[in-house]
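Structure at a glance
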Amino acid sequence: MKKYTGKTLDEVLNNIAAEKDVAVETITHFVLEEKSGFLGFGASVTVEAFVPSDVVLFVEDYLDNYFKGFDLDITREVEIINNNININLNSDNNGILIGKNGQTLQGFNVLLRQVVSSTFKRRFFVMVDINNYKKDRYKRLRALAKSIGRKVARTKVDASLDPMPNDERRVIHQELSKMPKVRTRSEDSGRNRHLKVIYDENKE
C-alpha cells in the first residue's frame, strides 16, 4: 500500500480522492503516525491507504507474474465488489489450472486470498474461477442441497455430506438456510471437514 502524509487526516483523504478520482468514502486507510505539533505548527498525519482499483491492479499484476512461467495462454477478468474479489481465468488447457477434483484451483484460491488480505491488511473473500467451472459447480451443489434437504425434511433422518472446501460448504449452507425443517452444521476439520444436514422440526 502507498503511504500519504498531510497536515490533517481530512486533507490526506481529500488528496487521495483527488489523485485517484474517487469519492472519499471509497478509501480504506490505516493511520501510521500522527503528530500534534506545537501550537498547531508541525502537525501531520501519515496513513497507508488504498481504493478498490488499487486492489484490482495488484491482483492483475500478481496473476500476470504468477502465470509468467506457465506455457499457457491465459486471459483474466478481475472484479471487486466491497470485500469480494471475483476472478475468472481461461486458458488453452483449463484442466491443468483446475486439477483433480478442483484441488489445484482450490489451493490457488487459498493462496491468493492470503496474499491479498495480507497486502491490504483487510480480509477479502477471493473467488478464482476457471472458465466458469466454479459457477457450474455451485449450480450443481445448490441442486444437490435442495434434494438432500427435502429428503431429510421428509424422512426426519440426518444426512452427512462428503468433505468439501469452505466455499462449497457455504453454498450448501446458504441454500438450506432458506429451507424449513432442516439446518446444517460443519463437522470434523481439515480435509475431512464436511456438512451435516440435520432435521429441525422447529425451523420455519
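Anyway, here's the lowdown on the structure attached to this text. (Residues numbered from 1 in each chain as written. Predicted model: local features only at pLDDT ≥ 70, side-chain atom pairs only at ≥ 80, totals over all residues. Heavy atoms only, no water.)

1. Some points on the packing of aromatic side chains
Going by this rule: Stacked, edge-to-face and tilted are the three classes for Phe, Tyr and Trp ring pairs, Trp counted by its six-membered ring, which pair at centre distances within 6.5 Å; planes under 30 degrees apart are stacked, over 60 edge-to-face, the rest tilted. Under the scheme used here, helices are H or I runs from DSSP no shorter than 4 residues and strands are E runs no shorter than 2 residues, and both carry numbers assigned from the N terminus. The buried label applies to any residue whose accessible area, calculated with a 1.4 Å probe on protein chains only, is under 20% of its type's maximum; exposed applies above 50%, and partly exposed to all values in between.
Applying the stated rule across the entire model yields 9 aromatic pairs. Ring centres of F50 and F124 lie 6.3 Å apart, and the angle between their planes is 50 degrees; this geometry places the pair in the tilted category. In this pair, F50 is assigned in strand β3 (residues 44-50) and F124 in the loop between α4 (103-120) and β6 (125-130), connecting sequence segments 74 residues apart. Residues Y62 and Y66 carry aromatic rings whose centres are separated by 6.2 Å and whose planes lie at 20 degrees to one another, so their mutual orientation is stacked. With a gap of 4 residues between them, Y62 and Y66 both fall in helix α2 (residues 52-66), about one helical turn apart. Given a relative accessible area of 22%, Y62 falls into the partly exposed group. Taken together through their ring pairs, the aromatic side chains of F50, F58, Y62, Y66, F67, F108, F120 and F124 make up a single cluster.

2. Regarding the sheet that holds strand β7 (residues 159-160)
Our working definition: Strands pair, by our definition, only if DSSP identifies at least two bridges between them. Contacts: residue pairs with any heavy atoms within 4.5 Å of one another. Only the stretch in contact is used when a helix axis is fitted, and all axes are lines through C-alpha atoms; the angle between N-to-C directions ranges over 0 to 180 degrees.
Taken in spatial order, the 3 strands make up an open sheet running β7-β9-β8, and their pairing is antiparallel. Edge positions in the sheet fall to β7 and β8 (182-187), since each of these pairs with one other strand and no more. Two elements, β8 and strand β9 (residues 194-199), share 6 bridges in a ladder whose sense is antiparallel. Paired with V182 across the two strands is Y199, which belongs to β9. Helix α6 (residues 166-177) contacts β8 and β9 of the sheet and is inclined by roughly 15 degrees relative to β9.

From the geometry alone we can't say anything about function, so treat these as descriptive.
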